Amino acid sequence: MVETFVQSTDDVVRFLKDQHNLIKDLFEEVFSASSDDARRTAFTELRQLLAVHETAEEMIVHPRARGEGAAGDEVVDARLAEEHRAKEMLAALEDTDVAAPEFLPALAKFRDAVVEHADAEEAEEFDSLQRDLDAGQLKAMAAAVRAAEAIAPTRPHPGVESATLNFAVGPFASMLDRARDAIGAVLR
């Protein structure tokens, strides 16, 4: 199953930034894989981490950022639009054989979009959380993010970008995704 471990779990901002760094590292693993099987394995790990990470942000972080008034709504709406496009790109990549000539160029375009999105989150949402929340609140949010990731889907689901939809659809989608992942691992 997806490994979301990062060193810092007492501060939601540090936890999510560490995951952003792990995601960047996983992109490099996919690009530098020495075989199709290694690339497929690295891509599966990347896909799973991205899916659970974004779901947790949609369920926990974005609703908190919306509380920052009109500017918060504008920031979150922009991030959700980016996440929707990223889920569409990831779903298309998931349907493309890692050995296909179009896979790596599409992955590069996707990586660029993900890194730009992560940078925007860090500057526009995470800095605000760091500034506005005390250590106890940051720790509580980190625990909530970890809990959300534990039940999050492991595949992209474009159109499910709100906290409400993630709470309603997420557990069912997660169950199906995790079963599909397990069966796929056995069949490889």
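Residues numbered from 1 in each chain as written. Predicted model: local features only at pLDDT ≥ 70, side-chain atom pairs only at ≥ 80, totals over all residues. Heavy atoms only, no water.

For the protein, the name recorded in an unreviewed UniProt entry is Hemerythrin, with Mycolicibacterium grossiae as its organism.

With that settled, the discussion passes to the overall build of the protein. On a plain count of helices and strands, the protein comes out with 6 helices and 0 strands. When its helices and strands are written in sequence order, the protein yields α-α-α-α-α-α. In the protein, which comprises 188 residues, the proportion classed as buried is 48%. Counting contacts in the protein only where the partners sit at least 6 residues apart, residues at least 24 apart contribute 74% of the total. (Helix = DSSP H or I, 4+ residues; strand = E, 2+ residues; numbered from the N terminus. Buried < 20%, exposed > 50% of the residue type's maximum accessible area, 1.4 Å probe, protein only. Contact = heavy atoms within 4.5 Å.)

For the structure on display, the rule yields 13 salt bridges. Taking the shortest distance from any N to any O, the salt bridge between E58 and K87 comes out at 3.2 Å. With E58 in helix α2 (residues 36-66) and K87 in helix α3 (residues 70-94), the pair connects residues that are 29 residues apart, well separated along the chain. Overlapping salt bridges, with partners in common, bring together E28, R111 and D112 in one network. (Salt bridge = Lys/Arg side-chain N within 4 Å of Asp/Glu carboxyl O.)

Another aspect to go through is α2. For α2, with 31 residues, the first-to-last C-alpha span of 42 Å sits near the 45 Å given by 1.5 Å per residue. In the structure, α2 departs most strongly from a straight axis at E58, where the bend amounts to approximately 40°. Burial within α2 is extensive, with 22 of its 31 residues counted as buried. (Expected span 1.5 Å × (residues − 1). Bend = angle between axes of the 7 residues up to and from the residue.)

At a closest axis distance of 11 Å, the pairing of helix α1 (residues 12-32) and helix α4 (residues 103-132) adopts a crossing angle of 170°. Between α1 and α4, the interaxial angle falls into the category roughly antiparallel. Of the residues that constitute the contact of α1 with α4, the class distribution is 17 nonpolar, 2 polar and 8 charged. (Axes fitted to C-alpha atoms, helices over the stretch in contact; angles between N-to-C directions. Parallel < 35°, antiparallel > 145°, perpendicular 65-115°, else oblique. Nonpolar A, V, L, I, M, F, W, Y, C, P; charged D, E, K, R; others polar.)

Here we come to the packing of aromatic side chains. According to the stated counting rule, one finds 2 aromatic pairs in the structure shown. Here the aromatic rings of F43 and F103 are separated by 5.3 Å at their centres, their planes lie at 85°, and the arrangement is edge-to-face. Remark: F103 occurs in helix α4 and F43 occurs in helix α2; sequence separation between them is 60 residues. Residues F43 and F103 agree in their burial class; the two are buried. (Phe/Tyr/Trp six-rings, centres within 6.5 Å; stacked < 30°, edge-to-face > 60°.)

Turning our attention to the packing of α2 against α4. Following both chains from N to C, one finds α2 and α4 inclined at 30°, their axes separated by 12 Å at the closest point. By the angle between their directions, the pair α2 and α4 is classed as roughly parallel. Crossing geometry of α2 relative to α4 is assigned as left-handed. On α4, the residues touching R39, F43, L46, L50, H53, E54, E57, V61, H62, R64 and A65 of α2 are F103, L104, L107, F110, V114, H117, E121, E125, F126, L129 and D132. The residue makeup of the contact of α2 with α4, split by class, is 12 nonpolar, 3 polar and 7 charged. (Left-handed = near helix turned anticlockwise from the far one by under 90°.)

Below, the discussion takes up the side chain of E125. Among the secondary structure elements, E125 is positioned in helix α4. No salt bridge is formed by the buried E125. Its closest oppositely charged neighbour is R79, at 5.3 Å. Those residues in contact with E125, other than ones at most four positions away along the chain, are V61, H62, A65, V75, V76, R79 and A120. (Lys, Arg positive; Asp, Glu negative; His and termini not counted.)

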